[in-house]
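What follows is each chain in one-letter form.
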Amino acid sequence: MPIRASLTSLQPELEKNVPLRFADSDTQKGIDIRYDIKRDPIRLAMSGPGLRATTTVHYRVEACRGRFPCISCGYEEAPRQAQITLHSKLAWDASWRITSKTTPLPTHYPKRCAVTWFDFDITDRFIAPAVQQQLAIAARTIDRNTPAVANIRPQAQQIWSELQKPIELAPRTWLVLDPIDVALTPLTGSGTDVTSTLSLRAQTRVIVGDKPAAGAKALPPLKVAGGVPSGIRVPLDLELPYSEATRLATAELGGKTYKVSGRDLKIDSIAIAPGTNNKLRISASIDYRGGALRNYRGIVHLDATPVFDPATQSIHFPDLEYALADRGSVFRRMAERAAHDTLRARLRENIRFPLGPQLTRLRNEVTRALTRPLGNGVMLRGQATAIQPVSVTPREKLVIHAIATGTAAVELRPGSIR
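Residues numbered from 1 in each chain as written. Predicted model: local features only at pLDDT ≥ 70, side-chain atom pairs only at ≥ 80, totals over all residues. Heavy atoms only, no water.

### Points about the overall build of the chain
Condition: Put simply, DSSP marks the helices as runs of H or I at least four residues long and the strands as runs of E at least two long, and each gets a number from the N terminus on. Our radius of gyration is a C-alpha quantity, and the globule rule it is checked against amounts to 2.2 Å times the number of residues to the power 0.38. Every residue pair with non-hydrogen atoms within 4.5 Å of one another is taken to be in contact. All accessibility values rest on the Shrake-Rupley procedure with a 1.4 Å probe; residue burial counts only the protein chains present in the view. Two residue types count as positive, namely Lys and Arg, and two as negative, namely Asp and Glu; His and chain ends fall outside the count. Working definition for charges: the position is that of NZ of Lys, CZ of Arg, CG of Asp or CD of Glu.
Counting its secondary structure elements, the chain contains seven helices and 25 strands. Radius of gyration (C-alpha) of the chain: 38 Å, far over the 22 Å computed for a compact globule of 418 residues. The dimensions of the chain, computed from C-alpha atoms along their principal axes, are 140 × 40 × 30 Å. Taking the contacts inside the chain whose residues are at least 6 apart along the sequence as the reference set, 62% of them involve residues at least 24 apart. On the chain, roughly 20700 Å² of surface is accessible, and the fraction owed to carbon and sulfur atoms is 52%. Mean positive and mean negative side-chain charge positions of the chain (57 and 39 charges, respectively) differ by 3 Å.

Here it is as structure tokens:
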């Protein structure tokens, strides 16, 4: 998830610590010097992984030497200029702070101030040292204040704690995240906004019943990760009770009658229960009127592997077969092979558990759960764009394993960083 923060509060610190104007006079080797330097406001802007602080200084300087005429730049003309740039390399540290290492770049003097006394350059001799002194102040100010103004540990603690609280997806249905670790990618940015990508690994579960207790894992030290996949992937387990599966199957097939060689084959009801070897046991209560000794009224057991069909957004049973235990007396009573094949074919074709509405509802609920405040000045905005079931496992309930995919971002509002 992208996480964004602002470095705008660095600018007032720089304006406060770096003098707006500085002037001085000195005598060196018989040369009397006076100068006056004034700077423009300092501008901050991210450039890739680094922060640039730039300003323009306007300076005037005069040099007098004994009987020689005084030479000046900027006094009888417009002040000369110098372009100042500092570059700060930004990085995360283990304490959830942004640290910086600032170095001044070479100062650019579009029009230097040189005199003819032995080709003496006043800019290099007097102006440059004064400018470098102020650059050193600016660099120290940035490096001293960056960890203070870009400390996101309080927000990280809020996010970490809030994500461990169960999220209600539906009545008595809870999304639980058990975080494993968290990392941030190296910083990039634009303007005074810095951006990193938060990568959270967590075990996720959907629990039906009373609200579970919130987790209490402590926030770990921050790790810096390399490239991480974009977007979110939230594994989910949807649970379908066998009573509900039985209701759906009976509603689809119960009370229906099929013709087999002119005879009636009626399916009264269907019961779904866990079987063996990851199969379901499907028990069909049937009434077959084959005539004479071929009548059968009772239960027929079949085994099947539940499979999710993406095209129909439903669970079906393509390998449904009669259980071995039923291949005795029932088969003798239902003597016609056509009756066996008809019953099996109808059950294969018609026992389906449509999940489309449930998946749509779950996607909307996950989106709602991913768009909420995580604390003071911290907002999570997310959207689940798809819910894709990947497998079905018969357990105490019929468990549909699915992946919710989408996007999310954490926003740290201006002023929320301490």
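### A look at the sheet that holds strand β18 (residues 296-304)
Rule in force here: Between any two strands, pairing holds if DSSP finds at least two bridges. Helix axes are fitted to C-alpha atoms over the stretch in contact, other axes to C-alpha atoms as well, and angles between N-to-C directions run from 0 to 180 degrees.
Strands sit in the order β15-β16-β17-β18-β21 across an open sheet of five strands; the sheet is antiparallel. At either margin of the open sheet sits one strand with a lone partner, and together these are β15 (256-260) and β21 (321-322). Where strand β17 (residues 280-288) lies against β18, nine bridges are found, and the strand directions are antiparallel. Within the sheet, the bridge partner assigned to Tyr 288 lies in β18 and is Tyr 296. Packed on one face of the sheet, helix α4 (residues 242-253) meets β15, β16 (263-274) and β17 and runs near 165° to β16.

### With respect to the nonpolar core
Just so we agree on the cut-off: Put simply, a nonpolar core is a bunch of buried Ala, Val, Leu, Ile, Met, Phe, Trp, Tyr and Cys residues held in one set by side-chain atoms that sit within 4.5 Å of each other. Burial here depends on accessible area, computed with a 1.4 Å probe over protein chains only, as a share of the maximum for the residue type. Under 20% is buried, over 50% is exposed, and the range in between is partly exposed.
With 111 residues, the main nonpolar core has Ile 270, Leu 347 and Phe 353 as its most contacted residues. Here this core gets ten residues from one element, more than from any other, and that element is helix α2 (residues 122-149). Excluding anything up to four places from it in sequence, Ile 270 contacts Thr 246, Ala 249, Thr 250, Leu 253, Ile 282, Ser 283, Ala 284, Leu 347 and Ile 351.

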